[in-house]
Amino acid sequence: NSDETGCPDVASSCDFENGTCTWFNSKSDYFDWTYHNGSTSSVTTGPSNDHTYANQSGHYVYIETSQELDTGAFADFISAIYLPSTDRSCHIQFYYHMYGNDVADLTLYAEYQTTKSRSRLWSMSGNQGNVWHRADVIMVTNDRYRLVFHGVRGEGYRGDIALDDITLTPTCLTETHGC
């Protein structure tokens, strides 16, 4: 629960059931994260259901690696700008799905607005099985920042990576959220 009157228990949450919320694709990467429901287009890779409802009607975002892309091509999925959190920690929770023999890497970065440099907050590599996994990350910084999910294509088409149910606690304040 929040200590602040009128503030929600969750400052920012996206289950992708009504679009991508405040998240967007980078314009300076190789390909995009795709808003989707049901199975991905390639067999033996990607989720068949979303995490929120565990069915084919629920939505998530993913990188489709069966496109004609080079190994190492990447797609960045970017958040709104968050305010410094030096006197409090920002807790980030999300679900990821990394299934297929050619899965490469998924990394969560903080991109600092003053320097535009990135700091790795969390990372996972390789096939993690045909299941959704939960990740929990704590962020503390004295700079304004964006969160960036960085998905990397592996050596073949069986390397889809998906995200669902991204949640940030009320201590993660965006520039437009004044709690």
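An account of the accompanying structure is given in this report. (Residues numbered from 1 in each chain as written. Predicted model: local features only at pLDDT ≥ 70, side-chain atom pairs only at ≥ 80, totals over all residues. Heavy atoms only, no water.)

**Focus on the pattern of salt bridges**
Applied cut-off: A side-chain nitrogen of Lys or Arg and a carboxyl oxygen of Asp or Glu constitute a salt bridge if their distance falls within 4 Å. Note on conventions: DSSP H or I runs of at least 4 residues are helices, E runs of at least 2 residues are strands, and numbering of each starts at the N terminus. Relative accessibility thresholds used throughout: buried, under 20% of the residue-type maximum; exposed, over 50%; partly exposed, between the two (1.4 Å probe, protein chains only).
Evaluated as defined, the whole model comprises four salt bridges. Residue D102 is joined to R158 by a salt bridge in which the shortest nitrogen-to-oxygen separation is 3.6 Å. On the criterion of sequence distance, the pair formed by D102 in the loop between β6 (90-98) and β7 (105-112) and R158 in the loop between β10 (145-152) and β11 (161-168) is long-range, its members being 56 residues apart. Its relative accessible area of 26% is what places R158 among the partly exposed residues. Taking the shortest distance from any N to any O, the salt bridge between R118 and E111 comes out at 3.1 Å. Take R118: its relative accessible area is 33%, and that puts it in the partly exposed class. Given the relative accessible area of 15%, E111 is considered buried. What you see here is one network of salt bridges that share partners, running through D76, E111 and R118.

**Let's talk about the sheet that holds strand β5 (residues 74-82)**
The pairing of strands in a sheet comes from backbone hydrogen bonds and takes either a parallel or an antiparallel form. The cut-off we apply is this: Only when DSSP finds a minimum of two bridges between them are two strands counted as paired.
If you trace the five strands from one edge of the open sheet to the other, you get β2-β5-β10-β7-β8, paired in antiparallel fashion. Looking along the sheet, the strands with just one partner apiece sit at the ends: β2 (24-25) and β8 (118-125). The pairing of β5 with β10 spans seven bridges and is classified as antiparallel. Residue pairing across strands places A75 opposite G151, the latter belonging to β10.

**Quick notes on unusual backbone geometry**
The phi torsion at C21 lies on the positive side, around 60 degrees, for a residue other than glycine. With respect to the helices and strands, C21 occurs in the loop between β1 (12-14) and β2. With a phi angle near 55 degrees, A54 is a residue other than glycine that sits in the positive phi range. Judged by relative accessible area, A54 falls into the exposed class, the value being 53%.

**What to know about the state of the cysteines**
To keep things clear, this is the line we draw: We call a pair of cysteine sulfur atoms a disulfide when they lie within 2.5 Å.
Scanning all chains against the criterion turns up two disulfides. The side chain of C14 participates in a disulfide bridge whose partner is C21; the two sulfur atoms lie 2.1 Å from each other. Judged by the sign of its S-S torsion, about 85 degrees, the bond between C14 and C21 is right-handed. C90 shares a disulfide with C172; S-S distance 1.9 Å. Between C90 and C172, the disulfide has an S-S torsion of 105 degrees and is therefore right-handed. Separated by 82 residues along the polypeptide, C90 in strand β6 and C172 in the segment after β11 bring together distant segments of the chain.

Geometric values such as these leave the question of function open.
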